[in-house]
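# A look at the structure
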Amino acid sequence: MSTYKLFLLRHGEGAWNKENRFCSWVDQKLSEDGVKEAQDCGKLLKEQGYKFDIVFTSILSRSIQTAWLVLEAMGQEWVPVVKAWRLNERHYGALIGLNRAEMALQHGEEKVKLWRRSYAITPPPIDESHPYFLEIYNDRRYTTCDVPKEKLPRAESLKEVLERLLPYWESTVVPEIRKGRTVLISAHGNSCRALLKHLEGISDEDIANVTLPTGIPVLVELDENLRPVKPQQLLGDQAKIQAAIKKVEDQGKAKPLT
């Protein structure tokens, strides 16, 4: 029997999700479809009777905007929202801004899948010649982090995402869960995947096949030791969820350029 309920949510679709580009630390708002996904997620959670006590997000707008829309749809706008860079999306380094399907055409689908989904492979780092370098590192939000700006990542594997996320999980999120509070983490595909790997003990190999679609809430039921009592549950219409998973998996497949 579960003692605690934790909800993980990959933000609604962003503009660059729609364009199939590596978004990463570039700040993007939700697309029109992404706004609807977040609102529908909130309606579903309200219909199922869930109530949140605290919400954690990254410091990227799409994560925060998703949390706001979910809470608004649930009639729970007053619930505290806590933001931290340690829940940011994985830093894709020099790949930021590139189109996944075009890369698959150039480098092969397996190489792109390794860059996107593997556990320990870090993509090439971003440098000052990159078109989005200054947009990221001159952003005032990164002066609020608990590490100096020059110590922030320039590229990350999923393993490195987990390494920067875990201290925050242990110091800030876990104490709230242990108080019996129902927690929502509104974050990103890779920060949520990294946390699922930690909680469920997913192997380095199997994590490559864990796909989280945008705007679909994931319920993780935990025992008193914060170990899952059953597999993660993706909530909602299961046929739609499977179609959404396939859509994410197809993003790294080569498409002929027209």
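Residues numbered from 1 in each chain as written. Predicted model: local features only at pLDDT ≥ 70, side-chain atom pairs only at ≥ 80, totals over all residues. Heavy atoms only, no water.

## Overview of the state of the cysteines
Taken as a whole and assessed by the stated rule, the structure comprises zero disulfides. This cysteine, Cys23, is not joined by any disulfide, and Cys192 carries the nearest cysteine sulfur, 15 Å off. Cys23 gets classed as buried once you look at its relative accessible area, which sits at 8%. A disulfide-free cysteine, Cys41 has its sulfur positioned 11 Å from the sulfur of Cys192, the nearest such atom. (Disulfide = S-S within 2.5 Å. Buried < 20%, exposed > 50% of the residue type's maximum accessible area, 1.4 Å probe, protein only.)

## Looking at the pairing of strand 2 (residues 54-57)
Neither face of strand 2 is left uncovered, since the one carrying Ile54 and Phe56 and the one carrying Val55 and Thr57 both have all their residues buried. When strand 2 meets strand 3 (residues 81-83), the two strands line up parallel, connected through three bridges. Considered in strand 3, the bridge of Val55 is made with Val81. Remark: the strand 2/helix 3 (residues 61-74)/strand 3 crossover connection has right-handed handedness. (Helix = DSSP H or I, 4+ residues; strand = E, 2+ residues; numbered from the N terminus. Pairing = 2+ DSSP bridges. Right-handed = clockwise from strand over helix to strand, strands pointing away.)

## Considerations on the packing of helix 7 (residues 158-178) against helix 8 (residues 189-200)
Packing of helix 7 against helix 8 leaves a shortest axis separation of 9 Å and a crossing angle of 75 degrees. Between helix 7 and helix 8, the angle is such that the two are roughly perpendicular. Facing helix 7, whose interface residues are Leu158, Val161, Leu162, Leu165, Leu166, Trp169 and Glu170, helix 8 presents Asn190, Ser191, Arg193, Ala194, Leu195, His198 and Leu199. Looking at the contact of helix 7 with helix 8 residue by residue, the classes come out as nine nonpolar, three polar and two charged. (Axes fitted to C-alpha atoms, helices over the stretch in contact; angles between N-to-C directions. Parallel < 35°, antiparallel > 145°, perpendicular 65-115°, else oblique. Contact = heavy atoms within 4.5 Å. Nonpolar A, V, L, I, M, F, W, Y, C, P; charged D, E, K, R; others polar.)

## Observations concerning helix 3
Look at helix 3: 20 Å from first C-alpha to last across 14 residues, which is about the 20 Å you get at 1.5 Å a residue. All buried positions along helix 3 are accounted for by Ser61, Arg62, Ser63, Ile64, Gln65, Thr66, Ala67, Leu69, Val70, Leu71 and Met74. Summarising the contacts, the buried residues of helix 3 are in contact with strand 1 (4-10), helix 2 (32-47), strand 2, strand 3 and strand 4 (183-187). Positive phi appears at Gly75, one or two residues downstream of helix 3, with a value of about 70 degrees. (Expected span 1.5 Å × (residues − 1).)

## Overview of the packing of aromatic side chains
One pass over the structure, following the stated rule, counts eight aromatic pairs. Geometrically, the ring pair formed by Phe22 and Tyr92 is tilted, given 4.6 Å between the ring centres and 50 degrees between the ring planes. Highlighted residues: Phe22 in the loop between helix 1 (15-18) and helix 2 and Tyr92 in the loop between strand 3 and helix 4 (100-107), separated in sequence by 70 residues. Here Phe22 matches Tyr92 in class, with each residue buried. On the numbers, 6.1 Å between centres and 85 degrees between planes, the contact of Phe56 with Tyr168 is edge-to-face. Here the residue Phe56 occupies a position in strand 2, and Tyr168 occupies one in helix 7, the gap between them amounting to 112 residues. Just as Phe56 is buried, Tyr168 falls in that class too. In this structure an aromatic cluster arises from ring pairing among Phe7, Tyr50 and Phe52. The lysine or arginine in question, Arg100, covers the ring of Phe22, its NZ or CZ lying 4.8 Å from the ring centre. One Lys or Arg, Lys197, reaches over the ring of Tyr119 and ends 4.2 Å from the middle of that ring. (Phe/Tyr/Trp six-rings, centres within 6.5 Å; stacked < 30°, edge-to-face > 60°. Lys NZ or Arg CZ within 6 Å of the ring centre and 35° of its normal.)

## Remarks on the sheet that holds strand 3
On the basis of which strands lie adjacent, the open sheet formed by six strands has the order 3-2-4-1-5-6 and mixed pairing. Two strands in the sheet have a free side with no partner beyond their single neighbour: strand 3 and strand 6 (233-234).

## A few points about the nonpolar core
Counting residues in hydrophobic clusters, the biggest one holds 37 residues, and the most contacted among them are Leu6, Leu8, Trp169 and Ile185. Top contributing element to this core by residue count: helix 7, with nine residues. Sequence-distant contacts of Ile185, defined by excluding residues within four places in its chain, comprise Leu6, Phe7, Leu8, Leu9, Phe56, Leu87, Trp169, Val173 and Leu195. Judged by nonpolar contacts, the second largest core, of 23 residues, contains Ile126, Ile136, Tyr142 and Cys145. (Core = buried A, V, L, I, M, F, W, Y, C linked by side-chain atoms within 4.5 Å.)

## A short note on the packing of helix 2 against helix 3
Between helix 2 and helix 3, the least distance of the axes is 7 Å, while the angle of their chain directions is 40 degrees. By the angle between their directions, the pair helix 2 and helix 3 is classed as oblique. Like other packed secondary-structure pairs, helix 2 and helix 3 cross with a definite hand, here right-handed. In this structure, helix 2 uses Val35, Ala38, Gln39, Cys41, Gly42, Lys43, Leu45 and Lys46 to contact helix 3, whose residues at the interface are Gln65, Thr66, Leu69, Val70, Ala73 and Met74. In the contact of helix 2 with helix 3, the residues fall into eight nonpolar, four polar and two charged. (Left-handed = near helix turned anticlockwise from the far one by under 90°.)

## Re helix 9 (residues 238-249)
Compared with an ideal rise of 1.5 Å per residue, which puts 12 residues at 16 Å, helix 9 spans 16 Å between its outermost C-alpha atoms and is within 8% of the ideal. Ile241, Ile245 and Val248 are the residues of helix 9 that are buried. The buried side chains of helix 9 occupy one side of the element, clustering within an arc of 60 degrees when seen end-on. Opposite the buried face of helix 9, by more than 90 degrees, sit the exposed residues Ala239, Lys240 and Lys247. Considering only its buried residues, helix 9 is in contact with strand 1, helix 5 (109-117) and strand 6. Between the side-chain oxygen at the start of helix 9 and the backbone nitrogen of Ala239 there is a gap of 3.0 Å, and the oxygen is on Asp237. (Arc of directions from axis to C-beta. Polar contact = N/O pair within 3.5 Å; in protein donor to acceptor, adjacent residues only side chain to side chain.)

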